[in-house]
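Spelled out from the first residue to the last, the chains are:
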Amino acid sequence: MTRRLAEVAKKVGVSEATVSRVLNGKPGVSAATRQAVLSALDVLGYERPTQLRGERARLVGLVLPELQNPIFPAFAEVIGGALAQLGLTPVLCTQTKGGVSEADYVALLLQQQVSGVVFAGGLYAQADAPHDHYRLLADRNIPVVLVNAAIEHLGFPGVSCDDAVAVEQAWRHLASLGHERIGLVLGPSDHVPSARKLAAARAIAGELPDEFVARAMFSIEGGHAAAAKLIDRGVTGFICASDPLALGVVRAARRKGLDVPSRISVVGYDDSALMNCTEPPLTTVRQPIESMGKAVVELLNAQIGGRSVPADELLFEPELVVRGSTAQAPRG
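So, here's what we can say about the structure. (Residues numbered from 1 in each chain as written. Predicted model: local features only at pLDDT ≥ 70, side-chain atom pairs only at ≥ 80, totals over all residues. Heavy atoms only, no water.)

## Description of the layout of surface pockets
Quick reminder of the rule: The method works on a 1 Å grid over the protein atoms by themselves. A cavity is a set of points holding a 1.4 Å probe that cannot get out, a pocket is an open set with protein on both sides within 12 Å along at least five of seven lines, and residues with an atom within 4 Å of a point line them. Grid points are joined across faces, edges and corners, and a volume is the space filled by probe spheres set on the points. Starting at the N terminus, helices and strands are each numbered in turn, a helix being any DSSP run of H or I of at least four residues and a strand any DSSP run of E of at least two. Classes in brief: Ala, Val, Leu, Ile, Met, Phe, Trp, Tyr, Cys and Pro nonpolar; Asp, Glu, Lys and Arg charged; the others, Gly included, polar.
In this model, the largest pocket occupies a volume close to 1200 Å³. Pro 65, Glu 66, Asn 69, Phe 72 and Phe 218 are the residues nearest the centre of the largest pocket, which is lined by 44 residues in total. Elements with a minimum of two residues in the lining of the largest pocket: α4 (71-85), α8 (192-205), α9 (220-232), α10 (243-255) and β9 (265-270). In terms of residue count, the dominant contributor to the lining of the largest pocket is α4 (three residues). Its residues assigned to classes, the lining of the largest pocket shows 22 nonpolar, 16 polar and six charged. In terms of lining, the second largest pocket is formed by 20 residues, of which the most central are Ala 150, Ile 151, Glu 152, Phe 156 and Glu 313. The set of elements that each furnish at least two residues to the lining of the second largest pocket consists of β4 (144-147), β5 (158-161) and α8. Residue composition of the lining of the second largest pocket, grouped by class: 11 nonpolar, five polar and four charged.

This is how it looks when you write it as structure tokens:
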């Protein structure tokens, strides 16, 4: 007990006597200090005293599917900074292959009595994945916000970049350069943002042959494998569901001895970090992560404050960023 008092006191910057007063529910401690002590208990992994467990911690789970794609650390930075300004501490939960699952993270966050959870990519975007842990959060009335295209009927508010507009911008750009054989490199078939992109492409193209659409895991290697097939089928303009996928397309073209952009044009999606430093610099569709991240935190904070938030999806407009990976379609 003494060690716990000392650790919490050091973390908060108060005396052990102050920590003891908070833990024992004694008066004479400001609300801000009291909350800081309780948050420190949560952060350090100590259980709250029984009489204080009814109060949720000032912790917010931030669940990410990975950190290899630079867009997810970027979202984490924006959302984490906005949470901190409200006195909320983000708890980063990153999935790794063979590691802790999303459902396991939810169980851990519930044990810590978090104030809310933000999912910035995850199983909610996959129609065929298990979703019981989301229902668990809903049953416990835990505030939740989902980023980018959830399946229907989960009942949580969401903040998304408009996939249809993103594809329209990319398609019209490639078409204006004379590309007629435009292909898509997308995520798995049950991935909701990819399904939205495909629907938008078909609406614009009128007729999009199935052989011009390839599915891949979200990685450079996945993009490479998918693009190799489409290049063999004569595709000259590529629209990709992520920047790493687009970099995989560039690599596939080069392995086949085809120059980017004189022979193959590539458009990514996200405008994640360093895409202006690739060779060639990547033309991509930028997600407005600053605006989206702030909206996520506003929605979450409203729920934490007890206000009713409609389970709607806010759509944000993307922006085409033209760089060096697109050019006039090759002749002949």
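## Focus: the sheet that holds strand β11 (residues 313-316)
Applicable threshold: Strand pairing follows a simple DSSP-based rule, namely that at least 2 bridges must link the two strands. All axes are obtained by fitting lines to C-alpha atoms, using only the stretch in contact for helices, and the reported angles, taken between N-to-C directions, cover 0 to 180 degrees. Working rule for contacts: check all heavy atoms of both residues, and any pair within 4.5 Å makes them a contact.
The six strands are arranged β2-β1-β3-β4-β5-β11 in an open sheet whose pairing can be described as parallel. The strands lining the two open edges of the sheet, one partner per strand, are β2 (89-94) and β11. Strand after strand, the sheet turns through a mean of 20° between neighbouring axes, direction not considered. Sheet strands in contact with helix α5 (residues 102-111) are β1 (59-64), β2 and β3 (116-119), and its direction is about 155° off that of β2. In the packing of helix α11 (residues 289-304) onto the sheet, the strands contacted are β1, β3, β4, β5 and β11, and the crossing angle to β4 comes to about 160°.

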